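Structural description and commentary
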Amino acid sequence: MDGENLHAQQRKQFWRNLALAGIGAAPIGAGVGWGIGRSKGDFNAFWNASPDWLILSLLALAAATIIYGSWRFYRAIDEVELLDNLWASSAAYSAYALLFPAWWVLGKSGITGAPNHWLVFVVALGAGLAVYLARKWRAR
Amino acid sequence: LNNRLRVLRAERGWSQAELGGRIGVSRQAVNAIETGKHDPSLPLAFRLARLFGMTIEEIFDDGGKDGR
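Residues numbered from 1 in each chain as written. Chains lettered and ligands numbered in written order. Predicted model: local features only at pLDDT ≥ 70, side-chain atom pairs only at ≥ 80, totals over all residues. Heavy atoms only, no water.

Attention now goes to the overall build of chain A. Of regular secondary structure, chain A possesses five helices and zero strands. When the helices and strands of chain A are listed from N to C terminus, the series reads α-α-α-α-α. A compact globule built from 140 residues should have a C-alpha radius of gyration of about 14 Å, whereas chain A, at 20 Å, is more than 25% larger. Judged by the C-alpha coordinates and their principal axes, chain A covers about 60 × 40 × 20 Å. When each of the 140 residues of chain A is scored for burial, the buried share is 23%. Excluding contacts between residues fewer than 6 apart, the proportion of contacts in chain A whose partners are at least 24 apart in sequence is 54%. (Helix = DSSP H or I, 4+ residues; strand = E, 2+ residues; numbered from the N terminus. Rg over C-alpha atoms; globule rule 2.2 N^0.38 Å. Buried < 20%, exposed > 50% of the residue type's maximum accessible area, 1.4 Å probe, protein only. Contact = heavy atoms within 4.5 Å.)

The next thing to look at is the interface of chain B and chain A. Accessible area lost on assembly of the parts is the figure often given for the size of an interface. Across the boundary between the two partners, chain B contributes 20 residues, which contact 13 residues of chain A. Between chain B and chain A the total buried area reaches about 1,400 Å² when both faces are included, carbon and sulfur atoms providing 50% of it. Considering only the side of chain B, the residues that lose the most area to chain A are Glu18, Lys37 and His38 of chain B, jointly responsible for 33% of the buried surface there. Counting the contacts that link chain B with chain A gives zero salt bridges. Listed by contribution, the elements that provide at least two residues to the side of chain B that touches chain A are helix 2 (16–23) and helix 3 (27–34) of chain B. Residue classes in the side of chain B that touches chain A are distributed as six nonpolar, nine polar and five charged. (Buried area = accessible area lost by both parts, 1.4 Å probe. Salt bridge = Lys/Arg side-chain N within 4 Å of Asp/Glu carboxyl O. Nonpolar A, V, L, I, M, F, W, Y, C, P; charged D, E, K, R; others polar.)

Further remarks concern the confidence of the model for chain B. Of the residues in chain B, 94% have a pLDDT of 70 or more, and the chain-wide mean is 91. Mean pLDDT across the elements of chain B bottoms out in strand 1 (residues 2–3) of chain B (89) and peaks in helix 4 (residues 42–52) of chain B (96). (pLDDT = per-residue confidence, 0-100.)

What follows covers the packing of helix 2 of chain B against helix 4 of chain B. All names here are of chain B. Put simply, helix 2 and helix 4 touch, their axes get as near as 10 Å, and they point 110° apart. By the angle class used here, helix 2 and helix 4 are roughly perpendicular. In this structure, helix 2 uses Leu19, Arg22 and Ile23 to contact helix 4, whose residues at the interface are Leu44, Arg47, Leu48, Leu51 and Phe52. (Axes fitted to C-alpha atoms, helices over the stretch in contact; angles between N-to-C directions. Parallel < 35°, antiparallel > 145°, perpendicular 65-115°, else oblique.)

Turning next to the pattern of salt bridges. Scanning all chains against the criterion turns up seven salt bridges over all chains. Here lysine 136 of chain A and aspartate 84 of chain A are joined by a salt bridge, their closest N and O atoms 3.0 Å apart. Remark: aspartate 84 of chain A occurs in helix 4 (residues 79–108) and lysine 136 of chain A occurs in helix 5 (residues 117–138); sequence separation between them is 52 residues. Residue classification places aspartate 84 of chain A among the buried positions, given a relative accessible area of 3%. Where glutamate 18 of chain B meets arginine 22 of chain B, a salt bridge forms, and the shortest distance between an N and an O atom there is 2.6 Å. Here glutamate 18 of chain B and its partner arginine 22 of chain B are both found in helix 2, four residues apart, which amounts to about one turn of the helix. Through salt bridges with shared partners, a single network forms among Glu81, Asp84, Arg135 and Lys136 of chain A.

Another aspect to go through is the nonpolar core. Counting residues in hydrophobic clusters, the biggest one holds 18 residues, and the most contacted among them are Leu5, Leu19, Leu48, Phe52, Ile59 and Phe60 of chain B. Looking at this core element by element, the count peaks at five residues for helix 4 of chain B. If near-sequence neighbours (up to four positions away) are discounted, leucine 5 of chain B is found in contact with Leu19, Ile33, Glu34, Leu48, Phe52 and Ile59 of chain B. Ile28, Phe46, Leu54 and Leu58 of chain A belong to the second largest nonpolar core, which has six residues in total. (Core = buried A, V, L, I, M, F, W, Y, C linked by side-chain atoms within 4.5 Å.)

And the structure:
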């Protein structure tokens, strides 16, 4: 098989992995959507009313999908993609490790309020994504 | 690292995707190596050398730097 076909096959494998991840995530989204619909759109009421087994099942399915999907992803990628992911992960971790303790100290000393963990989480993910996209842009 | 990858590839009439397929990396990875934005790992450098029937030193040149 020539290189163009091998390259096309590698790309197909990437999209197949992505589709598999989507198939794994679909029942989670459908389950949560159905539950929120039953709770007349009240997100908090859905979580409070849902049985523990349902919440635990959704979390287990999400964890299995992420772990299995990551395993397949890291087996399929080349060293440049791996480096891009490592840099992005490092940036996200550094953002978290800097921001949360700093905000916690500021909160304890009364300069700011207590840290908003959701905001820290989003900033950390955003830092990782920014570094990943910057590397992709540089190597396009 | 300077390298002769683009020339070697052009001599064979291969696209970046073609070369990427032959050594098991993406087109973007070939581009990153050719433009010096990524130094390949030793296993990848050996794959390239085998593919072109050359030594690693004949493809890659560090300009005589000893890295210290």
